[in-house]
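Structural overview
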Amino acid sequence: MQTIRGETNRALPRGRRRARAAVVPSRSTTTLGDKGSTTNTDDATLPLSRLTLGTMFFGASIPAQDAYQQLSYAYDHGVVAFDTAEMYPVPQSAATQGASERVLGAWLKANGARIKDEDVHVTTKVAGPGAMTWLRGGPTRLDGENIGTAIDGSLERLGRDRIDLLLLHWPDRYVPMFGADGYDVDLAYGAYCSFEEQLEGVERGVAAGKVGSWGLSNETAYGLARFCEVARARGWSKPTCVQNAYNLLCRTAESSLVEALHVEGVGLMAYSPLAMGLLGGAYTLDGASWSGEADKRLVKYRGRYAEAESRYGPKANVAEAVAAYVGVAREHGLAPVELALRFVLSHRFVGTAVVGAANVGQLEAQIAYARRGGLDETVLRRVDEVHRRFPNPCP
């Protein structure tokens, strides 16, 4: 099995490596590969593929048999990390909740003769407070009891004894997410589950051998710093990564989160590197909505997937920015998807990019692009020019 591995910006000229080095701990390594290779950041060790295959639509719009084909293709071509969540697939519903974990678990079981637990890295996520009444009543709190119940449920659906990486899917407290471009003090509320109580729930899972390592998702620099502070004070395990959106249209992580990642020795799992497909140039603006082929996600799930629409809806400068990045790709003989994915992989603070695909063909292309490494200095300069014109239209 050939594994996607190598320095995240190995293909970049020396000047670009020096320019990026300020946001990367010199003690870190970004050599990512099979389960034996790791991203070492201080005391946090996280085994990951160069890419992680997301399963967000498995068990719903992507039927089980099609999902099995993607999983097998990914594994056979070096992608050994898989990302799921207890609430998946999306759009979320009572009827389908947990189906993505079940699909992944069924594939692992069916391939047990050739794929051992130690050969793959499985990430799943505990849902934060929300309106999913079918999932522990909302959930209402991200407390120790809910975290413990979520761990046991995910293990059962996955058919595993341990979760390699457990993420807190979104914070218990108010934070600006999914398109919000600033912190609104009027929306903050004081009665949230404390950092200590959340971490205690995670630590019980670690101590019981049910969780290998843990991390955060949709989190801020402040949240990461506080969790690390509490972990140090209590002698508990630190988060090993943060899984946040990062792409050409959403580079907000660079303004503050990357500093916290650097100081704490934590890696970024970059989700939505293609901005829900926008950066592939597959959509056109039709009045106040995106238009495209019927099976495209922002068309197919219009009105049913609020998280995606609030971030990637047709807001000011989004269509203009997409057109500009597509133009940069064509200037340099790249496919728009290639430009978008390799941009993310050009940054050394990115440990892995979480990719999704509607079919094996799309997955094949993304794996091939990832093998080419980061973008060169000339292309990155053009990308930055567009970013200065249209900064973060999809925060």
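Attention now moves to the sheet that holds strand 6 (residues 163-168). Spatial strand order, 3-4-5-6-7-8-9-12: eight strands in a closed barrel with parallel pairing. The average undirected angle you get between the axes of adjacent strands in this sheet is 30 degrees. Bridging between strand 4 (residues 81-83) and strand 5 (residues 121-126) involves three bridges; their strand directions are parallel. Within strand 5, the residue paired with D83 across the bridge is T123. Along the sheet face, helix 4 (residues 144-158) touches strand 5, strand 6 and strand 7 (211-217) and points at about 140 degrees away from the line of strand 6.

Here the focus is the pattern of salt bridges. Scanning the model with the defined rule gives 23 salt bridges in all. Salt-bridge contacts for E196 lead to R226; the nearest nitrogen and oxygen are separated by 3.7 Å. You can see E196 sitting in helix 5 (residues 195-207) and its partner R226 sitting in helix 6 (residues 221-234), a full 30 residues away along the chain.

What follows is about the nonpolar core. In terms of nonpolar packing, the biggest core is built from 114 residues, with L249, L278 and L339 touching the most fellow members. Residue contributions to this core peak at eight residues, all from helix 10 (residues 318-331). Among all residues touching L339, those that are not within four sequence positions of it are L248, Y325, V328, A329, L334, L375, V379 and V383.

Moving on, we get to the environment of I147. Tracing the backbone through its elements, the reader meets I147 in helix 4. Taking the C-alpha atoms as reference points, I147 and L199, 52 residues apart in sequence, are found 9.5 Å from one another. Not counting the four nearest positions on each side in its chain, I147 is found in contact with V126, L142, L166, L168, Q198, G201 and V202.

By secondary structure assignment, the location of N244 is in strand 8 (residues 241-245). In contact with N244, other than residues within four places in its own chain, are S217, N218, E219, L257, L268, M269, A270 and Y271.

Time to look at the packing of aromatic side chains. By the definition in use, this model includes ten aromatic pairs. Measuring from centroid to centroid gives 6.4 Å for Y283 and W290, while their planes differ by 55 degrees, and the two rings are tilted. For the pair Y283 and W290, a shared accessibility class is recorded, and that class is buried.

Each value, and the rule that gives it
- Residues numbered from 1 in each chain as written.
- Predicted model: local features only at pLDDT ≥ 70, side-chain atom pairs only at ≥ 80, totals over all residues.
- Heavy atoms only, no water.
- Pairing = 2+ DSSP bridges.
- Helix = DSSP H or I, 4+ residues; strand = E, 2+ residues; numbered from the N terminus.
- Axes fitted to C-alpha atoms, helices over the stretch in contact; angles between N-to-C directions.
- Contact = heavy atoms within 4.5 Å.
- Salt bridge = Lys/Arg side-chain N within 4 Å of Asp/Glu carboxyl O.
- Core = buried A, V, L, I, M, F, W, Y, C linked by side-chain atoms within 4.5 Å.
- Buried < 20%, exposed > 50% of the residue type's maximum accessible area, 1.4 Å probe, protein only.
- Phe/Tyr/Trp six-rings, centres within 6.5 Å; stacked < 30°, edge-to-face > 60°.

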